[in-house]
Amino acid sequence: FIVKILCPSSFRVYNRFFIAGKKQQACMELWYGNEAISMLPGGPRRRSGRTIAEQIAGVAVTAGCIAAASVFQRARRLKRQVQVLQAQLEREGNNRASERAGRIRAEQALRQLRALHLTAAPGPAASSDGATPAASDEISLPRGVLSETPPAVTTAAAAGGTTAPAAEGIACRTDSTASASSSALTSAVARQNRHIPFTPIGYAVSCFSQRNGTPRQPLLVPAARLRVRLSCPPEALEGLELWSHVWVLYVFHENTDLAKSLGGGVPSAVTRASTYKAKVRVPRLDGQTMGVLATRTPHRPCPIGLSVAQVVSVCIKKGILVLGGADIVNGSPILDIKPYVPFADALPQAVAPPWVQAEKEDDEPLHIAAVNIPSRAKEQLHRAWSRIKDSMYPSAAEFLELIEQVLARDIRSVHQRRNNANKVAAEGGSAELEPESQQQGRFHVVLEGVDIHYDIDTSGTVWVRGVAT
C-alpha cells in the first residue's frame, strides 16, 4: 500500500514479478519475512521457501524504483523551471532590443535637430557703428548640446590662421563666454518650443452667443450657464462633483487678433509683436489706457482666458459638465478644467488697484440704476424663449433673470457710451425714452441666439424694447 501511494510506477513493476495470484502473501513476506508470517494469528500460512537474498533483492528493486521515480519527477520540475526562465530571458531580450532601437531613433532625431539649429542660427550681426562684434562676444554653442564634434578654438581664423585644438594648451573659456553659451542654449530651446500645439478637451456651449454682452469678469452674472461636452474620456470628470467651483482655461477664439497672429504659417517676431497692442483701454477707467498684462483684456500676446465658475451638475456617463457664472463666449475651445482650492486660491491679503475695487455709484462708469422690461417686451421674450432648441433655462422666468443680470452693468464700449450720451442729451434727455415704445433700441445683446435690443437713458436706466426683427 505504501509503495502504491508513494510511487505508482514502482508498484506496477512490483506486480509484474508477483502476478501469479500471491500478491498479498508476497507483500507480507517482503516486509515481514517467512518466520513472521508463520507467527501471525490464525496459524502458519503457506511458506514460500524464499531465501533472505531474494527478499533483499525485492526490497532493493522496490527502493530503486522509488528513487528512479523521484529523480524523474524532480527532473520534470527542473525542466519546467528552465522553460520559464528561458521565456523570461527572451522577453527581457526583446525589451532591451526595443529600448535600443528607440534610443537609436531618438539620437538620430536629436542629431537632425542639432543640425537644424546650427543651420538656423543667425550669424554675427553688425553693431550700430558698422563693426562686427569681437570674437570674445560671439555666442558659442556648448559642447555636446548643439554640436557632434569637440569644439576647437580658433586662434587666428579672422586673419587666415589655423585652428588649434583645445588639447594643445588653449585656455578655458571665461565666465562671459560661458554666460553667452547659456544664452545660446536658452535661445535654442525657445526656438524649439516657440509654438506649442494644444488639443482642446471640449468646446463651450454658452448662453453668451457673441462677445458683446459677455461679462468682463466671472461670477458677475450668476444666472449664466455654460455646458461643456468633453472630447476626452468621460471618466476624467469623476470626483469633480465634490468641488463647488472650478477654474476654466480656454481660448479667446473670437479675438480679432487671433486669426492674424495664427494665420500665414509661423509668424516672425516682428509680425507677432504687431498683432496686439502693449496698452489697451480699460472700461472701468472710462477709456484710460493700461498695460495689457495689467488687465484682463482678451487682446493678449497669448489669447488664453482664465475664468472661475460654479459647478452646477456633472454627468460622467455623457461626459457633460454644466457651470454657472462663467464669462465665456459660445464656441470657445476649452483647454483645461482645474478644481478651485479655497485655502490656496483665495488670498485675503491680496492687493488690487482702486479701479478694480467694489462698484460705487458715484464714480463707477459702468453703473446701471435699474433694468426695466415692459409687458410688451416680456411677451416677445417669452415667445422667443419657447422657440429656443435645447435651452439651458427650464423656464422663461429664468431666461428673463439672465437678461436682467446681464444688463445690470453697462456692457457697451467706451465709444458707444460717449456717443449715446451726446445723442440723448441732444434729444432732450430721458423724456424721449418711452417705456412702451415700439421702436427698436439703439443697442442690442444676443443671449442664447435671441437678439435683444434696449436703450439707456441719461439716468442710467435700461429699457428693454423686445426682440430684434
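Below: a short report on this structure. (Residues numbered from 1 in each chain as written. Predicted model: local features only at pLDDT ≥ 70, side-chain atom pairs only at ≥ 80, totals over all residues. Heavy atoms only, no water.)

Regarding its fold elements, the protein presents 11 helices and 14 strands. Every one of the 469 residues in the protein was classed for burial, and the buried ones make up 29%. For the protein, restricting intrachain contacts to residue pairs at least 6 apart in sequence, the fraction spanning at least 24 positions comes to 68%. Looking at the protein as shown, the accessible area adds up to about 30200 Å², and 57% of this sits on carbon and sulfur atoms. (Helix = DSSP H or I, 4+ residues; strand = E, 2+ residues; numbered from the N terminus. Buried < 20%, exposed > 50% of the residue type's maximum accessible area, 1.4 Å probe, protein only. Contact = heavy atoms within 4.5 Å. Areas by Shrake-Rupley, 256 points an atom, 1.4 Å probe, with all protein chains shown as cover.)

Time to look at the nonpolar core. In terms of nonpolar packing, the biggest core is built from 30 residues, with Leu 402 and Leu 447 touching the most fellow members. Ranked by residue count, the leading element in this core is helix α10 (residues 396-406), at five residues. Leave out the neighbours within four places in its chain, and Leu 402 touches Cys 207, Val 221, Ala 223, Ala 224, Tyr 393 and Leu 447. Within the second largest apolar cluster, 19 residues are counted, among which are Ala 204, Leu 230, Leu 237 and Ile 334. (Core = buried A, V, L, I, M, F, W, Y, C linked by side-chain atoms within 4.5 Å.)

Mapped onto the secondary structure, Arg 227 falls in strand β4 (residues 225-230). Look at Arg 227 and you get buried, because its relative accessible area is 17%. Contact partners of Arg 227, with chain neighbours within four places excluded, come to Tyr 203, Ala 204, Val 205, Ile 320, Leu 321, Val 322, Asp 390 and Met 392.

If you trace the backbone, Asp 410 turns up in the loop between α10 and α11 (414-426). In this structure the side chain of Asp 410 is engaged in a polar contact, spanning 2.8 Å, whose partner is the side chain of Arg 412. (Polar contact = N/O pair within 3.5 Å; in protein donor to acceptor, adjacent residues only side chain to side chain.)

Taking burial as the measure, the five residues of strand β9 (residues 320-324) include five buried ones, the bulk of the element. Every second residue of β9 is oriented toward a common face, with Ile 320, Val 322 and Gly 324 on one face and Leu 321 and Leu 323 on the other, all of them buried. When β4 meets β9, the two strands line up antiparallel, connected through five bridges. Pairing of Val 228 across the sheet is with Leu 321, part of β9. Pairing analysis gives five bridges linking strand β8 (residues 304-315) to β9, with the strands arranged antiparallel. Bridge pairing links Val 314 to Leu 321 in β9. Between β8 and β9, which pair antiparallel and follow one another directly, the connecting turn spans four residues, one of which, Gly 319, has a positive phi of 70°. (Pairing = 2+ DSSP bridges.)

Bringing the packing of helix α9 (residues 375-386) against α10 into the picture now. Viewed as axis vectors pointing N to C, α9 and α10 meet at an angle of 115°, and their least axial separation amounts to 10 Å. In this structure, α9 meets α10 at a crossing whose hand is right-handed. Across from Lys 378, Leu 381, His 382 and Trp 385 in α9, the residues of α10 making contact are Ala 396, Phe 399, Leu 400 and Ile 403. Of the residues in the contact of α9 with α10, the class split is six nonpolar, one polar and one charged. (Axes fitted to C-alpha atoms, helices over the stretch in contact; angles between N-to-C directions. Left-handed = near helix turned anticlockwise from the far one by under 90°. Nonpolar A, V, L, I, M, F, W, Y, C, P; charged D, E, K, R; others polar.)

Let's shift gears to the sheet that holds strand β11 (residues 370-372). The strand order across the open sheet formed by four strands is β11-β14-β13-β12, and the pairing between neighbours is mixed. The strands lining the two open edges of the sheet, one partner per strand, are β11 and β12 (443-447). Taken pair by pair, the neighbouring strands of this sheet meet at an average axis angle of 30°, ignoring direction. As paired elements, β12 and strand β13 (residues 450-456) share five bridges and run antiparallel to each other. Each residue of the ladder has a partner; that of Val 446, found in β13, is Asp 451. Where α9 meets the sheet, its contacts fall on β13 and β14 (461-467), and the angle it forms with β14 comes to roughly 50°.

This part is about the pattern of salt bridges. The tally for this structure, following the rule as stated, stands at six salt bridges. The salt bridge partner of Glu 254 is Arg 211, with a shortest N-O separation of 4.0 Å. Remark: Arg 211 occurs in the loop between β3 (202-206) and β4 and Glu 254 occurs in the loop between β5 (245-251) and α6 (258-262); sequence separation between them is 43 residues. Glu 254 sits in the partly exposed class, given a relative accessible area of 31%. As a salt-bridge pair, Arg 412 and Asp 410 come within 2.8 Å of each other at their nearest N and O atoms. (Salt bridge = Lys/Arg side-chain N within 4 Å of Asp/Glu carboxyl O.)

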